[in-house]
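Letter by letter, the chains look like this.
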Amino acid sequence: MRTSAEGRAQFWRWPIREPRAEAVAIVLLAPILLSVAIWNRFPIIFYDTGAYLLQGLGFVFVEERSPVYSLFLFATGASLSLWLVVIVQAAMTGFVMVETARALAPRMMLPWFIVLTMALVVLTGIAWYAGQVEPDCFTAVVALAFYLLLFHAGELTRGRRIALFLIAGLAIACHPSHLVLATGLIAVAAIYWAVSRRSAREWPAVNPVLPAASLALGIVLIVASNFGYTRQIFISRAGPVFVFARLVQDGIVLRLLEETCPQSGYRLCPYKDELPRTADQWLWDSDTPFKKLKGFEGTTAESERIIFDSLRRYPLMHLRTAWHDSWKQFTLFHTGDQVEPQEWVLYPNFERFVPGQVHAYMTARQQKGEFDFLPWNTIDVPIGWISLALLAGLLVFELVRGRHREAVFLGFILIALAGNAAVCGALSNPHDRYQSRIIWIATFALGIEAAVHLSGRSRPLRLPSESGT
């Protein structure tokens, strides 16, 4: 009989490829990823959380918020406890992280994977998003799940493939930017397939079937949820309004109004001298023309018209500002963007829909104003830049060495980061939280690559005792 000491020693020698190590890792990752929320004594709350509660628990359609994430709150038991929501989010995030490690560094020892996750919590903003009642945690999940489904589906058991397919589909449906990002990643995969099959070198095979199916699942969830609330079939009504707000900020709308009003007949013509300077002011201030024209419901049609009219008139200006905003978004990833006391906005919805959680919400560190992100970002921002630089350098190194498997992984991570920046910067407007929510995958990728070089790879990924299910 083995002694307890021998058992513990063997436990710490488990490679992540073993199902028992995989299970232990997923269980341990949940509290690690929720460490910030645990320290806060309540899940992290964002301004949008109230709208999701209104839509998911009050069953009131909110045009600018994802009905799928709202229903996710309902399904995971938000009315009982918002902790249930973030526990599920952390478990999904942890599962995808573990599967990525198993695919690329299956000999990585369980303790080192746990240490890597703890390092991510200290060095990046991952825990602020996994423990936040907001769909931002799913951005990175889309990127990592798509990588696995594209390049490693054949190495995974059927159960793991199905889980990744379902997680990816849900994550895509939880935020409009994820839908666009996923579509872009599939397009990039198609280009990769066309180029690699003509290359004289041997590149990792890509299979876009499951990612495309996840994208289709996400679209079905979105359309079905919208139909359930409105009895109408559509993907998004708010998309043109967010793009329009960015054009207000970049001066394109003002230029069009000055050059065409009053002949153009835009409803916005009488308000051209009242346009705010920023997209956020346009959307959220109480006295803007947007509010006077009845908000999302009243401005969608004209927003679409002005977008297309301005595209025809100023195509180069559109390209220049879209590039500028995408690059700006790529460089913005401070942790804690607008994570602050918010009860002045959210208290009514909390009192109405989760009254039993109001006391815990109000006594949390966040609502007491105890968050100071300056020390945090003194670490996070340099680590983000260092990770990006090392990621690019390591990509070149792997290409030179002919290690195409590793190069594809690193390149995919960089493309996902750039794609997220382009989607959020050009189709909305740059905010730190948009890139902060996904920048941690750069640091994670470096940790995985370090494990690959230190421990090597093994084939096949499946153990002989594992079934195909």
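This text goes with the structure placed above it.
Keep in mind that what you see is a predicted model, and the values were worked out from it rather than measured.

Can you walk me through the state of the cysteines in this structure?
Here is the idea: a disulfide is a covalent bond, and it sits between the sulfur atoms of two cysteines. Inspection of every chain in the model, using the stated rule, returns one disulfide. The residue that forms a disulfide with Cys261 is Cys269, at a sulfur-sulfur distance of 1.9 Å. Across the S-S bond of Cys261 and Cys269 the torsion is about -80°, and the bridge reads as left-handed. Here Cys261 matches Cys269 in class, with each residue buried. Cysteine Cys137 remains unbridged, with the sulfur of Cys174 as its closest cysteine sulfur at 7.9 Å. The class for Cys137 is buried, based on a relative accessible area of 4%. Free cysteine Cys424: the closest other cysteine sulfur is in Cys137, separated by 14 Å.

For this particular structure, what's the right way to read the nonpolar core?
What tends to happen in soluble globular proteins is that the nonpolar side chains get buried as a cluster. Ranked by size, the top nonpolar core spans 121 residues in total, and within it Phe113, Phe350, Leu417, Ile441 and Ile448 carry the most contacts. By residue number, the principal contributor to this core is helix α9 (residues 138-151), which donates 13 residues. Those residues in contact with Ile441, other than ones at most four positions away along the chain, are Ala140, Ala143, Leu144, Ile413, Ala416 and Leu417. Of all hydrophobic cores here, the second largest spans 27 residues; its members include Val241, Leu247, Leu293 and Ile306.

I tried to follow the side chain of Arg102 on my own but got confused; where do I start?
Summarising the element assignment, Arg102 is placed in helix α6 (residues 82-104). Here the side chain of Arg102 touches Glu99 through a polar contact of 3.4 Å, side chain to side chain.

What's the story with the packing of α9 against helix α23 (residues 432-455) in this structure? I'm lost.
Each pair of packed helices can be summarised by the angle the axes make with each other and by the distance between the axes. Relative orientation of the contacting elements α9 and α23 amounts to 45°, with a least axis distance of 7 Å. When the axes of α9 and α23 are compared, the pair comes out oblique. Touching Thr139, Ala140, Ala143 and Leu144 of α9 are Arg437, Ile438, Trp440, Ile441 and Phe444, all from α23. Looking at the contact of α9 with α23 residue by residue, the classes come out as seven nonpolar, one polar and one charged.

Help me understand the side chain of Arg65, please; the structure alone is not making it clear to me.
Summarising the element assignment, Arg65 is placed in the loop between α4 (49-57) and α5 (67-75). Among the polar contacts listed, one links the side chain of Arg65 to the side chain of Asp48, at a separation of 3.0 Å. Sequence-distant contacts of Arg65, that is, excluding residues within four places in its chain, are made with Asp48, Ala51, Tyr52, Gln55 and Trp284.

Help me understand the environment of Val220 in this model?
On the secondary structure map, Val220 appears in helix α12 (residues 209-230). By relative accessible area, which is 52% here, Val220 ends up exposed. Considering only alpha carbons, one finds Val220 and Gly169, 51 residues apart in sequence, at a separation of 9.2 Å.

Would you take a moment to explain the pattern of salt bridges for this structure?
Charged atoms that come close allow side chains of opposite charge to pair. In total, this model carries 23 salt bridges according to the counting rule given. Its salt-bridge partner being Arg433, residue Glu134 comes within 3.7 Å of it at the nearest N-O pair. Here the residue Glu134 occupies a position in the loop between α8 (126-130) and α9, and Arg433 occupies one in helix α23, the gap between them amounting to 299 residues. Overall, the relative accessible area of 7% leaves Arg433 in the buried class. Here the salt bridges do not stand alone but share partners, grouping Asp48, Arg65, Glu134, Asp136, Arg433 and Arg437 into one network.

Help me understand the packing of aromatic side chains in this model?
In the structure shown here, the tally under the stated rule is 31 aromatic pairs. With a centroid separation of 6.5 Å and 90° between ring planes, the pair formed by Tyr192 and Trp203 is classed as edge-to-face. Placement of Tyr192 in helix α11 (residues 176-196) and of Trp203 in the loop between α11 and α12 is noted, with a sequence separation of eleven residues between them. By relative accessible area, Tyr192 is classed as buried at 17%. Ring centres 5.4 Å apart and planes at 55° place the aromatic pair Phe333 and Trp385 in the tilted group. With Phe333 in the loop between α18 (315-331) and α19 (343-353) and Trp385 in helix α21 (residues 373-401), the pair connects residues that are 52 residues apart, well separated along the chain. The class for Phe333 is buried, based on a relative accessible area of 2%. With relative accessibility at 38%, the residue Trp385 sits in the partly exposed group. Ring pairs connect the aromatic residues Tyr147, Phe151, Tyr192, Trp203, Phe409 and Phe412, which therefore count as one cluster.

What counts as what
Counting starts from 1 at the beginning of each chain's written sequence and moves along it residue by residue. Reporting of local features is limited, given that this is a predicted model, to residues whose pLDDT is at least 70; pairs of side-chain atoms are given and counted only at 80 or more, and all residues count toward the totals for whole chains, interfaces and linings. The side-chain values count all of the structure's non-hydrogen atoms but skip hydrogen atoms and water molecules. Here, a disulfide means two cysteine sulfur atoms that sit within 2.5 Å of each other. Buried means the residue's accessible area, taken with a 1.4 Å probe over protein chains only, is under 20% of the maximum for its type, while exposed means over 50%, and partly exposed covers the values in between. Think of a nonpolar core as a cluster: buried Ala, Val, Leu, Ile, Met, Phe, Trp, Tyr and Cys residues, connected wherever their side-chain atoms sit within 4.5 Å. Strands here mean DSSP runs of E at least two residues long; helices mean DSSP runs of H or I at least four residues long; both are numbered from the N terminus. Only heavy atoms matter for contacts: two residues are in contact if any of them lie within 4.5 Å across the pair. Nitrogen and oxygen atoms within 3.5 Å of one another constitute a polar contact, given that in protein one can donate a hydrogen and the other can accept it, and given that sequence-neighbouring residues count only through two side-chain atoms. For every element, the axis is a line fit to its C-alpha atoms; helices are fit only across the contacting stretch, and the angle between N-to-C directions ranges from 0 to 180 degrees. Roughly parallel covers angles under 35 degrees, roughly antiparallel covers those over 145, roughly perpendicular covers 65 to 115, and oblique covers all other angles. Side-chain classes follow a simple rule in which Ala, Val, Leu, Ile, Met, Phe, Trp, Tyr, Cys and Pro form the nonpolar group, Asp, Glu, Lys and Arg form the charged group, and the remainder, Gly included, forms the polar group. Each reported salt bridge corresponds to a side-chain nitrogen of Lys or Arg within 4 Å of a carboxyl oxygen of Asp or Glu. Each pair of aromatic rings taken from Phe, Tyr and Trp, with Trp reduced to its six-membered ring, is defined by centres within 6.5 Å and is described as stacked if the planes are under 30 degrees apart, edge-to-face if over 60, and tilted in the remaining cases.

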